[in-house]
Each structure stands twice: as C-alpha cells, then as structure tokens.
Amino acid sequence: MRVGLLGLGRIGAFHAATLAAHPLVDELIVADPVRTSPYGKQGDPFDADAVVIATPTATHADLILRAARQGVPAFCEKPVAPTLSETVKVLDACAGHRVQIGFQRRFDPGYVAAAQALRSGELGELHRVHMVTADPVPPRADYIPQSGGIFRDCHIHDFDALRWVTGREVRSVYATGANRGAAIFAQAGDVDNSAALLTLDDGTLATLQGSRYNGGGYDVRMELAGTRRTHAVGLGPRAPLHSTEGLPGPRSPWPDFLTRFETAYWAEIDCFLRGETNPCSIEDALEALYIAEAADLSLRARRPVEIHEVR
C-alpha cells in the first residue's frame, strides 16, 4: 500500500522510519515545509491509500477533515484539535470515516497486561489507581504557550489510559499544580508540577502526579489496587527509581517518551495499516479532552470540577 506522512518533526521522523520498514508499505510519500526524509519521497500525501498526520497541533483538524473528504483513512497524533468546540466539529464531520488517534499507551505491553488482569478478575474489585507521568527535561520554551497546559498536553495520555484500562468514566477532578522550575511555565499560565484526584463513575479513586523536571529520567507508571492483587505498569529495570531498601537501581533510565514507548508506537501504526477495529477513535480522544478540560478548570478555580460542567 501507499502511505502519506505529513510532518517530519521528532515524532514524524520516527513514524517515517517505522512506515518505511513496515511490510505492508510499498511506497511512502512525505510532506513537510522545511524537512526531508531518507525514508520517503516528496509528494502529495493524500494521493495514497492512507495518511499519517504528525504535524503541529493547530493543523490537525483541517488535515483530518481533508482526509475525510477524500475518503482516505487517517492516523493522527493527539490532539484532534486545540479546543473542545473544534474537536466536536471534527467528530461530527467525520462520522463513518476511519480516523485513529495516537494514544500509544493502549498498545504498550504493560498497559495491555494491566487491562487484561483487571478484566479477567485477577485483581478483584478495583479500589484505587495511581498514575505518574514525569518528563526529565521541559519542552522548548516556544512550545509551552501553545501546548494547552500540562493537563491537555501531558496528562491527557493518563486520562485516556485510565478510561481504557479501567473501562470506567471519570466523574470529577480535583487538580492542583506548582511552579518549581524556570519562569517560562508561569509566564505562559501553566505549571511544571501537577497533581490530581479523579473519582470514577463507580466511586473508584485515582490519583495523578506529574512533572516537567524529573531528574531521574522519563517516568511513566500506573498502579491498580484491587481486592485481590495490585498490579503496576512501568516498574521494569529502566524505571527511574532508586530504593532506600537496597533494591537495584535502574541500569539505564528511560531518557524520553519515544524510547519508552517504541514498541507501542510500532504496534499502533501496525494496527492502523492493517485496518483492524479502530482502537482509539475521535470519540475516545474527546472524552480524554473533557477530563483534561475539567482538570485545567479545577486548577484555576481551585475546586473540584464535575465532568458535566465542561461538556
């Protein structure tokens, strides 16, 4: 098959290498206003059997809509659009069209195993969830004002994983944050350290922590505590944790998200190319965005926010 790729930035370049090596891809057509790739030829990416969108956030909605108009299946990195209203418009306009959104944790072996353990009854009844997403270094200063804030940009992956792994919806969010690093976050109206308490629709409590300055390395974990067992995702030998009780520390901590989720990124692209049941639709992305919106409102209003308040 012929695949078009839009955007050759960090994640786009990663996808280019993945697509070029995939056995189903005969030809890769790339498009970027300033970059080239050794893995594909320049051309019209919509003149293909499918498109992968890895461009800046502000362009996602228009490119998804163009793919829908031309009847080309589309894979798009999150988010669908910068705002809730735009996301809803894209959802309505793309009814019946295949659009897969890039929430790669659904394809990570650890998250998959946790979801299976919970659904099989191995954990018993779920009572508590804890999530961590912490970057070792902050993003570029010019990116922060357009990121949408830490809950939309970073923790939206936690929100999607929470819904997918537990099979439950979030009912309310109580979020907070702090600025402990460079002034660039506060100047953009954002925080660089975050925490939240989320209550699911069955009463299960989920806690969340995050940071843009995690000195130990890239840290992404999820713990699920049930009445029978507790399972943890992300406690492998490269987790950036050191035990005071003398357990071995990480030999080589995860440096970034691409390295940590390399297997998951490949698996989600493979799923898209094979045309299997859509594992992460625009509807799923919208639900995660509702949670992020509620978290952001809670941070600013300094109060718990019910999800129905932002719908």
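The structure this text deals with has already been given above.
Numbering of residues begins from 1 in every chain and follows the order in which that chain's sequence is written. Local features are withheld for residues below a pLDDT of 70 in this predicted model, meaning they are given only at 70 or higher, and side-chain atom pairs are given and counted only at 80 or more; totals for whole chains, interfaces and linings count all residues. The basis for every side-chain value is the complete set of non-hydrogen atoms in the structure, without hydrogens or water.

Visitor: Please set out a nonpolar patch on the surface residue by residue, giving values where relevant.
Guide: Patch membership is restricted to residues that have no salt bridge and whose relative accessible area is over 30%. Joining uses 9 Å for like charges and 5 Å for the nonpolar side chains Val, Leu, Ile, Met, Phe, Trp and Tyr. Here the open area of atoms and residues is found with the Shrake-Rupley method and a 1.4 Å probe, where only the protein chains shown may cover a residue. Between Lys or Arg on one side and Asp or Glu on the other, a salt bridge is scored when a side-chain nitrogen of the former is within 4 Å of a carboxyl oxygen of the latter. Together, Tyr-174, Leu-197 and Leu-205 line one region of the surface with nonpolar side chains, adding up to about 270 Å² of accessible area. The numbering of helices and of strands both runs from the N terminus, where a helix is a DSSP run of H or I of at least 4 residues and a strand a run of E of at least 2. Following the sequence through the fold, Tyr-174 ends up in strand E8 (residues 170-178).

Visitor: Can you break down the pairing of strand E6 (residues 99-102) residue by residue, with the values?
Guide: Only protein chains enter the area calculation, which uses a 1.4 Å probe; residues under 20% of their type maximum are buried, those over 50% are exposed, and those in between are partly exposed. Alternating positions in E6 separate into two faces, Val-99 and Ile-101 on one and Gln-100 and Gly-102 on the other, with burial throughout. Only strands joined by at least two bridges in the DSSP assignment are considered to pair. Two elements, strand E5 (residues 74-77) and E6, share four bridges in a ladder whose sense is parallel. Of the residues in E6, the one forming a bridge with Cys-76 is Ile-101. Crossovers are marked right-handed if the path from the first strand over the helix to the second runs clockwise, as seen with the strands pointing away from the viewer. Where the polypeptide runs from E5 across helix H3 (residues 84-93) and back to E6, its parallel neighbour, the crossover connection is right-handed.

Visitor: Outline the packing of helix H1 (residues 10-21) against helix H9 (residues 262-274), listing residues and values.
Guide: It is at 11 Å that the axes of H1 and H9 come closest, and there the two elements cross at 60 degrees. Remark: the crossing between H1 and H9 carries right-handed chirality. Of the residues in H9, those in contact with Ile-11, Phe-14, His-15, Thr-18 and Leu-19 of H1 are Glu-262, Tyr-265, Trp-266, Glu-268, Ile-269 and Leu-273. Following the grouping adopted for this structure description, the nonpolar residues are Ala, Val, Leu, Ile, Met, Phe, Trp, Tyr, Cys and Pro, the charged ones are Asp, Glu, Lys and Arg, and the polar ones are all others, Gly among them. Tallied by class, the residues present in the contact of H1 with H9 amount to seven nonpolar, two polar and two charged. Whenever a helix is involved, its axis is fitted only over the stretch in contact; in every case the axis is a line through C-alpha atoms, and angles between N-to-C directions fall within 0 to 180 degrees. By convention the crossing between two helices is left-handed if the near helix lies anticlockwise of the far one by an angle smaller than a right angle, and right-handed if it lies clockwise. We call two residues in contact when some of their heavy atoms are within 4.5 Å.

Visitor: Describe the nonpolar core, and please don't skip the residues or the numbers.
Guide: What we call a nonpolar core is a set of buried Ala, Val, Leu, Ile, Met, Phe, Trp, Tyr and Cys residues that are connected through their side-chain atoms within 4.5 Å. Counting 89 residues, the largest nonpolar core has Val-173 and Leu-198 as the members making the most contacts within it. Of the residues forming this core, the biggest block, eleven residues, is contributed by helix H10 (residues 282-301). In this structure, Leu-198 is in contact with Met-131, Phe-159, Leu-162, Val-170, Ser-172, Val-173, Thr-204, Leu-205, Ala-206, Leu-208 and Ile-291, ignoring residues within four places of it in sequence.

Visitor: Describe the pairing of strand E10 (residues 205-211), and please don't skip the residues or the numbers.
Guide: Pairing between strand E7 (residues 126-134) and E10: seven bridges, direction parallel. Bridge pairing in E10 links Val-132 to Gln-209. The sheet contact formed by strand E9 (residues 193-200) and E10 spans seven bridges and is antiparallel. By the bridge assignment for E10, Ala-196 is matched with Leu-208.

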